[in-house]
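Residues per chain, in single letters:
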Amino acid sequence: GSHAVQYRSECRIAHTVSVSQTPSNNSQTESISGSVAVLCAGTSDVAVAEEAAVLLELSGVSQVTRVYDVGVAGIHRLLSNLDKFNRADVVIVCAGMDGALPSVVGGLVQAPVIAVPTSVGYGASFQGVSALLTMLNSCAPGVTVVNIDNGFGAAVSAYKMLRLKQQNKNINNDKK
């Protein structure tokens, strides 16, 4: 069938979709079992978080959960949503300003946390450098950091973690 390009402005992603007359699955990728929670501190971080979430969905990840506007300035919002991300296999956390959210999340969950500093903020945020440095200095174990505004890099890292988990599960099932 023929394909068209679809542009998703909320996350700055262009991808192809099938435009055939018969209903079909637009995804030609295999399904990856597992779950990724994508969190963002504030509404200014949504574009980077959506970049990660949409790429994971387009890559065939079976469960992508979004939890937005849960920054440390309103910690009660994060804690009241803990059940939505606590059991995820991987957690991606996008934050600008002081970049503290990934450390807090890293202390709450057992899953690996991929921290994404964003270039939003004012004052001494230095286009995301302040958040980047905070995340690199996280005292929470299991927090990995990608570059500023790199939702793509976070999505690829999460995908590879899930893929490895799935491959290991398949190997263990073959041994039985």
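Look above for the structure.
Residues numbered from 1 in each chain as written. Predicted model: local features only at pLDDT ≥ 70, side-chain atom pairs only at ≥ 80, totals over all residues. Heavy atoms only, no water.

Concerning the overall build of the protein chain
The cut-off we apply is this: Every helix listed is a DSSP run of H or I at least four residues long, and every strand listed is a run of E at least two residues long, numbered separately from the N terminus. Exposure is judged per residue with a 1.4 Å probe applied to protein chains only, and the accessible area is read against the type maximum: over 50% gives exposed, under 20% gives buried, and values in between give partly exposed. To be clear on the numbers: accessible area is Shrake-Rupley with a 1.4 Å probe, and residue cover counts the displayed protein chains and nothing else. Note on charges: Lys and Arg go in the positive column, Asp and Glu in the negative column, and His and the chain ends are not counted at all. For this purpose, a charge sits on NZ of Lys, CZ of Arg, CG of Asp or CD of Glu.
The secondary structure content of the protein chain amounts to six helices and seven strands. Sequence-ordered secondary structure for the protein chain, helices as α and strands as β, is β-β-β-α-β-α-α-β-α-β-α-β-α. Residues counted as buried form 41% of the 176 residues belonging to the protein chain. Of the roughly 9400 Å² of accessible surface on the protein chain, 52% is carried by carbon and sulfur atoms. If the 12 positive side-chain charges of the protein chain are averaged to one point and the 12 negative ones to another, these points end up 9 Å apart.

Comments concerning the pairing of strand S4 (residues 61–68)
Selection rule: Here, a strand pair is defined by DSSP locating no fewer than two bridges between the strands. Handedness rule for crossovers: strands pointing away from the viewer, path from the first strand over the helix to the second running clockwise, crossover right-handed.
Pairing analysis gives seven bridges linking strand S3 (residues 32–40) to S4, with the strands arranged parallel. Across the sheet, residue Val36 finds its bridge partner in S4, namely Val64. Crossover connection from S3 via helix H1 (residues 46–58) to parallel S4: handedness right-handed.

Comments concerning the pairing of strand S5 (residues 90–95)
By the criterion of burial, S5 is predominantly enclosed, with six of the six residues buried. Burial of S5 is two-sided: the residues Val90, Ile92 and Cys94 facing one way and the residues Val91, Val93 and Ala95 facing the other way are all buried. Bridging between S3 and S5 involves five bridges; their strand directions are parallel. Of the residues in S5, the one forming a bridge with Val36 is Val90.

As for helix H5 (residues 129–136)
A turn of α-helix holds 3.6 residues, and therefore any two residues three or four places apart point the same way. So the rule is basically this: Taken from the helix axis, the directions to the C-beta atoms give the arc we talk about. When checking whether two residues touch, look at their non-hydrogen atoms; a contact exists if any pair is within 4.5 Å.
Here H5 has its buried residues at Ala131, Leu132 and Met135. Buried residues of H5 fall within an arc of 100 degrees about the axis and therefore sit on the same side. Contact partners of the buried residues in H5: S5, helix H4 (101–108), strand S6 (113–117) and strand S7 (143–145).

Overview of the side chain of Gln166
Condition: A 3.5 Å cut-off defines polar contacts: any pair of N or O atoms within that distance qualifies, except that in protein one atom must be a possible hydrogen donor and the other a possible acceptor, and neighbouring residues in sequence count only when both atoms are side-chain atoms.
Examined against the element boundaries, Gln166 turns out to sit in helix H6 (residues 151–175). You can call Gln166 buried: its relative accessible area is 16%. Reaching out from Gln166, the side chain makes a polar contact with the backbone nitrogen of Ser33 at a distance of 2.8 Å. Not counting the four nearest positions on each side in its chain, Gln166 is found in contact with Glu30, Ser31, Ile32 and Ser33.

Concerning the pattern of salt bridges
How we decide: Throughout this description, the term salt bridge denotes a Lys or Arg side-chain nitrogen within 4 Å of a carboxyl oxygen of Asp or Glu.
If you walk through the whole model with that rule in mind, you get four salt bridges. The residue Glu57 makes a salt bridge to Arg66 at a minimum N-O spacing of 2.8 Å. In this structure Glu57 comes out as partly exposed when scored by relative accessible area, which is 34%. Residue Lys165 pairs with Asp89 through a salt bridge whose shortest N-O separation is 2.7 Å.

Purely spatial values, then, with no claim about function.
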